[in-house]
Amino acid sequence: AQSVTQLGSHVSVSEGALVLLRCNYSSSVPPYLFWYVQYPNQGLQLLLKYTSAATLVKGINDFEAEFKKSETSFHLTKPSAHMSDAAEYFCAVSDNDYKLSFGAGTTVTVRA
Amino acid sequence: NAGVMQNPRHLVRRRGQEARLRCSPMKGHSHVYWYRQLPEEGLKFMVYLQKENIIDESGMPKERFSAEFPKEGPSILRIQQVVRGDSAAYFCASSPSSDRAYEQYFGPGTRLTVT
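The structure reproduced in this document is the subject of the present report.

**Here's the deal with the environment of Gln45 of chain A**
All names here are of chain A.
In step 1: For Gln45, the location among the structural elements is in strand β5 (residues 44-50).
In step 2: The spatial distance from the C-alpha of Gln45 to the C-alpha of Asp85 is 13 Å, given a sequence separation of 40 residues.
In step 3: Sequence-distant contacts of Gln45, defined by excluding residues within four places in its chain, comprise Trp35, Tyr36, Val37, Tyr39 and Ile60.

Encoded structure:
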């Protein structure tokens, strides 16, 4: 069974600073991994996905994530935070079927 | 090029009433998934449907909840005799095919409030 752990339910960063959101997963098979962003009162928007190609995945809005099998991690980063990055971020895993398993989410606030 | 559409966006029901949530998948998508997001939690899988078929309803509560995806029209998630614990955001997602079932596109959700 898959599961996802997101370390830190809230992250606060200064505008222009590095954003780092942590995600660890457990899966019995090589997984598909995803990061989604949810703005207030909106649905989930896919930021990026890992599907067993390159381990460093680039997504929209300068986000990227690195798949590290040895650490079972898929941390999300962005070099320079913008005010518009304030949102909730969800890591999700799927073991090649239809059930996405989501972490509890990390809320990002950006300080001016 | 419309995405996944859900309506209503907000729904208020009194305890004991019925709630009907609708989802229209992306054009060309025939696979629909429903998820529930309780406050302060991540999304939890409820059910997977194809046209006229329920593929997996293992995440659905055993009573009061049902889902359908008819040959014509949107997918419907139906909650009978709602209780306060049903208050949540319900998200629908769709995918283009079974071999790309992991590639799910989400709608904006329906926020159900039970008073």
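**A look at the state of the cysteines**
Residue and element names in this part refer to chain A.
In step 1: Per the counting criterion, the structure on display carries 2 disulfides over all chains.
In step 2: Here Cys23 engages in a disulfide with Cys91; their sulfurs sit 2.0 Å apart. The chirality of the disulfide connecting Cys23 with Cys91 is left-handed, given an S-S dihedral of about -65°. Separated by 68 residues along the polypeptide, Cys23 in strand β3 (residues 19-26) and Cys91 in strand β9 (residues 87-94) bring together distant segments of the chain.

**Regarding the pairing of strand β7 (residues 64-68) of chain A**
All names here are of chain A.
In step 1: In β7, alternate side chains face the same way, and those of Ala65 and Phe67 are buried while those of Glu64, Glu66 and Lys68 on the opposite face are not.
In step 2: Two strands pair when backbone bridges link them, and strand β6 (residues 56-58) and β7 are joined in this way by 3 bridges, in the antiparallel orientation. For Leu56, the partnering residue across the bridge sits in β7 and is Glu66.
In step 3: Of the strand pairs in this sheet, β7 and strand β8 (residues 73-78) are connected by 5 bridges, and their pairing is antiparallel. Its bridge partner lying in β8, Phe67 is registered against Phe74.
In step 4: Counting the residues that bridge the hairpin from β7 to β8 gives 4 residues, and of these Thr72 lies at a positive phi of roughly 45°.

Calculation criteria
- Residues numbered from 1 in each chain as written.
- Chains lettered and ligands numbered in written order.
- Predicted model: local features only at pLDDT ≥ 70, side-chain atom pairs only at ≥ 80, totals over all residues.
- Heavy atoms only, no water.
- Helix = DSSP H or I, 4+ residues; strand = E, 2+ residues; numbered from the N terminus.
- Contact = heavy atoms within 4.5 Å.
- Disulfide = S-S within 2.5 Å.
- Buried < 20%, exposed > 50% of the residue type's maximum accessible area, 1.4 Å probe, protein only.
- Pairing = 2+ DSSP bridges.

So far we have only geometry, and geometry alone does not tell us how the molecule works.
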